[in-house]
Structures are given as structure tokens and as C-alpha cells.
Amino acid sequence: MGNCCVTPAGSSPTKRKGRKGKKPNPFAIDYPGYHANDGGGANKFYVLKDATGRDIGSQYELGRELGRGEFGITYLCTEKETGDAYACKSISKKKLRTAVDIEDVRREVEIMRHMPEHPNIVTLKDTYEDDNAVHLVMELCEGGELFDRIVARGHYTERAAALVTRTIVEVVQACHRHGVMHRDLKPENFLFANKKETAPLKAIDFGLSVFFKPGERFTEIVGSPYYMAPEVLKRNYGPEIDIWSAGVILYILLCGVPPFWAETEQGVAQAIIRSVIDFKRDPWPKVSDKAKDLVKRMLDPDPRRRLTAQEVLDHPWLQNIHKAPNVPLGENVRARLKQFSVMNKFKKRALRVVAEHLSVEEVAGIKEMFKMMDVNNNGKLTFEELKAGLMKIGQNVPDADVQMLMEAADVDGNGTLDYGEFVAVSIHLRKMGNDEHLHKAFAYFDQNRSGYIEIEELRDCLSDDLGSDGEEVVNAIIHDVDTDKDGKISYDEFATMMKAGTDWRKASRQYSRERFNNLSLKLMKDGSLQVTM
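- Per an unreviewed UniProt entry, the protein chain goes by non-specific serine/threonine protein kinase and derives from Acorus calamus.
- Recorded in UniProt for the protein chain, the comment headed Subcellular location (unreviewed entry) runs: "Membrane".
- Regarding the protein chain, the UniProt comment filed under Sequence similarities (unreviewed entry) reads as follows: "Belongs to the protein kinase superfamily. Ser/Thr protein kinase family. CDPK subfamily."

1. Here's the deal with the confidence of the model for the protein chain
At step 1: On average, residues of the protein chain score 77 in pLDDT, and 70% of them reach the 70 mark or higher.
At step 2: Summarising per-element confidence for the protein chain, the mean pLDDT is lowest in helix H19 (residues 509–516) (48) and highest in helix H8 (residues 309–313) (98).
At step 3: Per-residue pLDDT stays below 50 along residues 501–512; that stretch engages in 53 contacts with residues further than four places along the chain or on separate chains.
At step 4: Note that residues 523–529 has pLDDT below 50 and, in this model, eight contacts with residues that lie over four places away or in other chains.

2. Structural notes on helix H7 (residues 289–298)
At step 1: For H7, the full list of buried residues reads Ala291, Lys292, Leu294, Val295 and Met298. Relative to the axis of H7, the buried residues are bounded by an arc of 160 degrees and lie together on one face.
At step 2: Where H7 is buried, its residues meet helix H3 (158–177), helix H5 (240–255), H8 and helix H9 (316–319).

3. Structural notes on the UniProt feature "binding site: ATP" (unreviewed entry) in the protein chain
At step 1: As recorded in UniProt, the sites labelled "binding site: ATP" (unreviewed entry) are Lys89.
At step 2: Summarising the element assignment, Lys89 is placed in strand S3 (residues 85–92).
At step 3: Classification of Lys89 by relative accessible area gives buried; the value is 1%.
At step 4: Here the side chain of Lys89 touches Glu108 through a polar contact of 2.8 Å, side chain to side chain.

4. Quick look at the side chain of Asp205
At step 1: Residue position: Asp205 is located in the loop between strand S8 (201–203) and strand S9 (210–211).
At step 2: Polar side-chain contacts of Asp205 include one of 2.8 Å to the backbone nitrogen of Gly207.

5. Examining the pattern of salt bridges
At step 1: For the coordinates displayed, the defined rule picks out 16 salt bridges.
At step 2: The shortest N-O distance in the salt bridge between Glu103 and Arg106 comes to 4.0 Å. Of the two residues, Glu103 and Arg106 both sit in helix H1 (residues 99–114), three residues apart, roughly one turn of that helix.
At step 3: Classification of Glu103 as buried rests on a relative accessible area of 1%.
At step 4: Among the salt bridges present, the one from Lys202 reaches Glu139, with a minimum N-O distance of 2.8 Å. You can see Lys202 sitting in strand S8 and its partner Glu139 sitting in strand S5 (residues 133–139), a full 63 residues away along the chain. The same class applies to Lys202 as to Glu139, namely buried.
At step 5: Each of Asp300, Asp302, Arg304 and Arg305 takes part in a single network of salt bridges with overlapping partners.

6. Observations concerning the pairing of S3
One face of the sheet, then the other: side chains in a regular strand alternate in exactly this way.
At step 1: With six of eight residues buried, S3 lies mostly within the body of the structure.
At step 2: Where strand S2 (residues 72–79) meets S3, seven bridges bridge the pair, whose relative direction is antiparallel. Looking at the pairing, Leu76 lines up with Ala87 of S3.
At step 3: Taken together, S2 and the strand that follows it, S3, pair antiparallel across an intervening segment of five residues, in which Gly83 is found at a positive phi of about 80 degrees.
At step 4: Both S3 and S5 contribute to a ladder of seven bridges, which runs antiparallel. Of the residues in S5, the one forming a bridge with Ile91 is Val134.

7. Thoughts on the sheet that holds S2
At step 1: Read across the open sheet, the five strands follow the order S1-S2-S3-S5-S4; overall the sheet is antiparallel. Two strands close off the open sheet at either side, each with one partner strand: strand S1 (60–68) and strand S4 (124–129). Averaged over all pairs of adjacent strands, the angle between their axes in this sheet comes to 25 degrees, without regard to strand direction.
At step 2: Judged from the five bridges that link them, S4 and S5 form a sheet pairing that is antiparallel. Bridged to Leu124 within S5 is Met138.

8. Digging into unusual backbone geometry
At step 1: Phi angles above zero are rare outside glycine, and Arg235 is one such case at about 60 degrees.
At step 2: Mapped onto the fold, Arg235 is located in the loop between helix H4 (230–233) and H5.
At step 3: A positive phi is found at Arg449, a non-glycine position, where the angle reads about 55 degrees.
At step 4: By the element assignment, Arg449 lies in the loop between helix H15 (435–445) and strand S10 (452–453).

9. So, H3
At step 1: The end-to-end C-alpha distance of H3, which contains 20 residues, comes to 28 Å, matching closely the 28 Å that a straight helix rising 1.5 Å per residue would cover.
At step 2: Most of H3 sits inside the fold, with 14 of its 20 residues counted as buried.
At step 3: Note on H3: the residue one or two positions beyond its end, Gly179, has a positive phi of about 70 degrees.

10. Concerning the packing of aromatic side chains
The geometry of an aromatic ring pair is captured by two quantities: the separation of the ring centres and the angle between the planes.
At step 1: Evaluation of the coordinates by the stated rule reveals twelve aromatic pairs.
At step 2: Each residue in the set Phe442, Tyr444, Phe445, Tyr491 and Phe494 is aromatic and connected to the rest through ring pairs, giving one cluster.
At step 3: The lysine or arginine in question, Lys93, covers the ring of Tyr46, its NZ or CZ lying 4.3 Å from the ring centre.
At step 4: Taking the ring centre of Phe383 as reference, the NZ or CZ of Lys95 above it sits at 5.8 Å.

11. A look at the packing of H3 against H5
At step 1: Where H3 contacts H5, the axes come no closer than 10 Å and their chain directions differ by 165 degrees. Classified by the angle their axes make, H3 and H5 are roughly antiparallel. Crossing angle aside, the handedness with which H3 passes H5 is right-handed. Of H5, the residues touching H3 (which contributes Glu158, Ala161, Val164, Thr165, Ile168, Val169, Val172 and His176) are Asp242, Ile243, Ala246, Ile249, Leu250, Leu253 and Leu254.
At step 2: Residue composition of the contact of H3 with H5, grouped by class: eleven nonpolar, two polar and two charged.

12. Description of the packing of H5 against H7
At step 1: Interaxial distance between H5 and H7 falls to 8 Å at its minimum, and their mutual angle equals 145 degrees. With respect to the hand of their crossing, H5 and H7 are arranged in left-handed fashion. Note on element contacts: H7 touches H5 through Ala291, Leu294, Val295 and Met298, opposite Ile243, Trp244, Ala246, Gly247, Leu250, Tyr251 and Leu254.
At step 2: When its residues are assigned to classes, the contact of H5 with H7 shows ten nonpolar, one polar and no charged.

What counts, and where the lines are drawn
- Here the residue index of a chain counts from 1 through its sequence in written order.
- Totals for whole chains, interfaces and linings use every residue, but because this is a predicted model, local features are given only for residues with pLDDT of at least 70 and side-chain atom pairs only at 80 or more, for both listing and counting.
- Based on all heavy atoms of the structure, the side-chain values leave hydrogens and waters out of the count.
- UniProt positions are given in the numbering used here, feature names are shortened, and annotations may be inferred rather than shown by experiment.
- A residue's pLDDT is simply how confident the predictor is in it, with values from 0 to 100.
- Per the convention used, a helix needs a DSSP run of H or I reaching at least four residues, while a strand needs a run of E reaching at least two, with both numbered from the N terminus.
- We call two residues in contact whenever any of their non-hydrogen atoms come within 4.5 Å of each other.
- Relative accessibility under 20% of the residue-type maximum defines a buried residue, over 50% an exposed one, and the middle range a partly exposed one, all with a 1.4 Å probe and only protein chains included.
- Here the arc refers to the directions that run from the helix axis out to each C-beta atom.
- Side-chain atoms alone can form a polar contact between residues adjacent in sequence; in general such a contact is a pair of N or O atoms within 3.5 Å, and within protein one must be able to donate a hydrogen while the other accepts it.
- Counted as salt bridges are all cases of a side-chain nitrogen of Lys or Arg within 4 Å of a carboxyl oxygen of Asp or Glu.
- Two strands are counted as paired when DSSP detects at least two bridges linking them.
- A fitted line through C-alpha atoms serves as each axis, taken over the contacting stretch for helices, and the angle formed by two N-to-C directions is quoted from 0 to 180°.
- Every helix has an expected span of 1.5 Å times one less than the residues it contains.
- Centre distance within 6.5 Å is the pairing criterion for rings of Phe, Tyr and Trp, where only the six-membered ring of Trp is used; planes under 30 degrees apart are then read as stacked, over 60 as edge-to-face, and the remainder as tilted.
- Only when the NZ atom of a Lys or the CZ atom of an Arg is both within 6 Å of the ring centre and within 35 degrees of the ring normal do we say a charge sits over the ring.
- Here is the rule for angles: anything less than 35 degrees is roughly parallel, anything more than 145 is roughly antiparallel, 65 through 115 is roughly perpendicular, and the remaining ranges are oblique.
- For any helix crossing, the convention is left-handed if the near helix is rotated counterclockwise from the far helix by under a right angle, and right-handed if that rotation is clockwise.
- Three residue categories are used. Nonpolar comprises Ala, Val, Leu, Ile, Met, Phe, Trp, Tyr, Cys and Pro, charged comprises Asp, Glu, Lys and Arg, and polar comprises the others, including Gly.

Have a look at this one:
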């Protein structure tokens, strides 16, 4: 994937002098940056105060799509005069539904302009705004996501983890020195500049970042669930949260899974509040004491004791990177990282089997529903058509959940759902509640009818989705789904997997904002915190 193009809704507005009292209406004539629409379009407001220009086509030629997010699409972008390649993040104004959405985009641009040039922060070159979209022309990063390179490399070491951690914390240090709190540090927000082994790692997304002053506290819950610090959930935080998120990334780099993981939002929040770090599972016994010490000090639940960016960089493990073990941490780490993407394919394959066994009545009902939602009758559902259609049938699904449904079912990645993909969404909406369907899907994998899905059967059924390291990936899936550890997957274990939550790597920022802002923390008599949604 190319540069990240997700720009979330709902961040708290940046505090500025002279902006007390009620927030101005961005759709009002006197709102700063508003201009009359002279193009005849419907979006009669401007987001940016001082864009480079209105017509991006006068200077740049947009090419193939690089990535797609909740608010817009990122394209390959070529400067006509020089032929230089860039990434253009185009944010549709139709998606900017509230004043907060607009403020988020404006602040993202302000922060990228405010940050000094840094070898590990993507550069914003130009900004354009027309009646339909805001276009951000940025440095192109074509080397892929951090995790993708780990998987592709075929091995991983402590020394490599230390180098990546140092880069990430140097970015945090640069942000904090210039009064910026990132608030959404995660591996997906770091891309390599190119495909060379020596390519620099770049922070690419400041969509949730805010300006802060020393001592200023923030209350809005934002970020991606698995990387949130406990004080974010407690709604009282400052820049220390960025060190926590970097610590979570370090933990994942060393072992392949996040330190605070659960299948539900409430479970994730409870795990974060408890802040119990597991150093027992493989490969932690092989990890150096210095590395584990840094993880513990970055993941200290008390932000007052947590290390600062400079203290992390001064830690002996990072000060002596050349002495960090350079032996692979084991295939399990890499296999765990890859298993998450394959696990989704496992579920999708099962959903296809379920679809093939739907009754005539069920098929007819789904076809009617698809035709009703397909307003322009082109055989494909857009995000807007799916959302409107779900509302018509009484399913008032939040935008973030609709987006997750789209991403989960959009097998060909074209941003729309064809009928076959829509069937998977329909089954998902029914919560996989029909045991008869699940039994048929289970039977597809249980080829020898033993009552279990064995390793050989899983490998055979997923052969198209597995690469050269398929054995490790299959073993990792068995390891996670096989809860009684008998080396095979029973029907009950299969059903649990099919009904379980989403992949932790795909958790949406928008989703976390809507879900986590509804949680409450209650102090119990024993001094513990109870989390409720």
C-alpha cells in the first residue's frame, strides 16, 4: 500500500488564542477560510486557509490509486514540470460532515507545515482545494508498511527492532520538541521511503495529532485501541501517551502480537487498564534483559514514571544497538505477523462456503436486498449505498462499522461490493447465528470427516493464500484457534473463531473513537478499575 490516506473524524479542536466560547460554524459565511462557491458545486465551504491553489491538474497529473481510507483516496501524483513522483491524498468534502471533521483536516495540514524537515517524517509539498476535495501533495513512500517488510524479510532480530524503535522515538522527540502530540502512533502509520534495504522509515499520518502546551491535559479518547495508553481511557492525558504507543510497537516488533489484546473493545480496555505485560510466551525467554527493561519502562502505567523520548534514546539497549543480539528471534514472530492477514482469508473462505449452501429462500431474500440497495443499478454497492440500504432495513449501523464491513468483504479491493461480496456482508450481519451454515463451512475444511480440522486439511484448503512460509502460518492459526491445545480445530473452536471480533491490525481509528468514547471506568472497593461500555 502507498501512503496512508485515512483522516479520522472527531478530534478535539486545537486551542488557540482568541477562540473562546462557542465554536464557530464552518458553514457560515463569516467562518475563516470560507469562500463563495464559484464553481457551481454543492460543497460551498473551504477547509484550508491558504492552499497552494484550486486546480491541482494545472501542476500535477494524478495516476493509479495507492491506498484508500475512511475519508479519501491516495493517488500516485506526478509533477508535470519535473516528472517527479509524489503521493496525493485527496479528501472528499462529502465525507467532511461536521465542523470537527473540517477542523481535523485543517489541523493536520497546519501540523505538517509546522514540523521542521526531518529524515523520518513525510514532507508536505503542496495543498490544493477545489469544490469537491482537499488535495495534499506529499513525499511518496513506496517501500511498504513496517510489518509488511518484517514478513517479507524472512527473519527478524533484536538489533533490527532496536533500529526501528530508535527511529520511531526520534520522531516522537521531534514532535514533542515542537509542541505536537501525535496521538496515533502505530506500525501502519510508518512506511519505508523505497524498497531498498537501507530505505528510511517515515511517519506518514498526522490526522489525529494536536498542538499542546506544557502541562496541558486532554480528555478526548482518540487513537487506535491496541496502542492507547491507560490515561487516554481515563480521559486525562498529555504527550506521554506517544511513548506508551511506541512501547506497544516495540513489544510487537519483538514478539509478533500486541501486549494488550482481546476480542472485544471492553476486553481491550480492561487489558490496557490492568497493564500486565506477558514476558513468558515465546520468544521472550530469548529476548535480552535490556530490551525487556525498556519495554517495561515505556509501558509504565503511570505517565509520571514513564520514560521521556530523550530517556528512551539514552537507554542502554538503544545506546548500544551494535551490541544487541543479531540472531533471529524465531519464525514464530514472523509467522504471527502474517497469520493475522491469513486468518481473515480463512474466515472469508468459510463465508464463501456458507454462501454456497444458502437456501433458495435465503438467496432470494439477499438478492432482493442487493437490488434494493443498488440504487444506480450497476451491480455494485458503494459505501453510501450500503449505509443507506442498511438504514432502510432497520440496521442503523455507524459509519465506522459500515466501513469495516466494506473492507472485510471487498475481496478485490475496488472500493465497492458486488453481489458475491454482499452475500458475505449479509451473513456477517446475521452474526453467523445459523449453526447449520457453520456446520457446512466446517465440513468443507474437515475433508476426512474426522470431526476436526487438522493441519494438513487447513494447509490444503488455504494453499492459494499461503506463501513459502505456509507451514509456520498454518501452525500459528492452529495455535490461536485451537484453545484446548490438542493440535486440531474442533467445531466449537471453529464457530468461536467465526463469531469473534476483528483483526487487531485492522482496528479503525474512527471505530475506536465511536466505541471507546462510550466507555466508563468505575473504581471498585479493592482499588481496581472496572470498565463498562
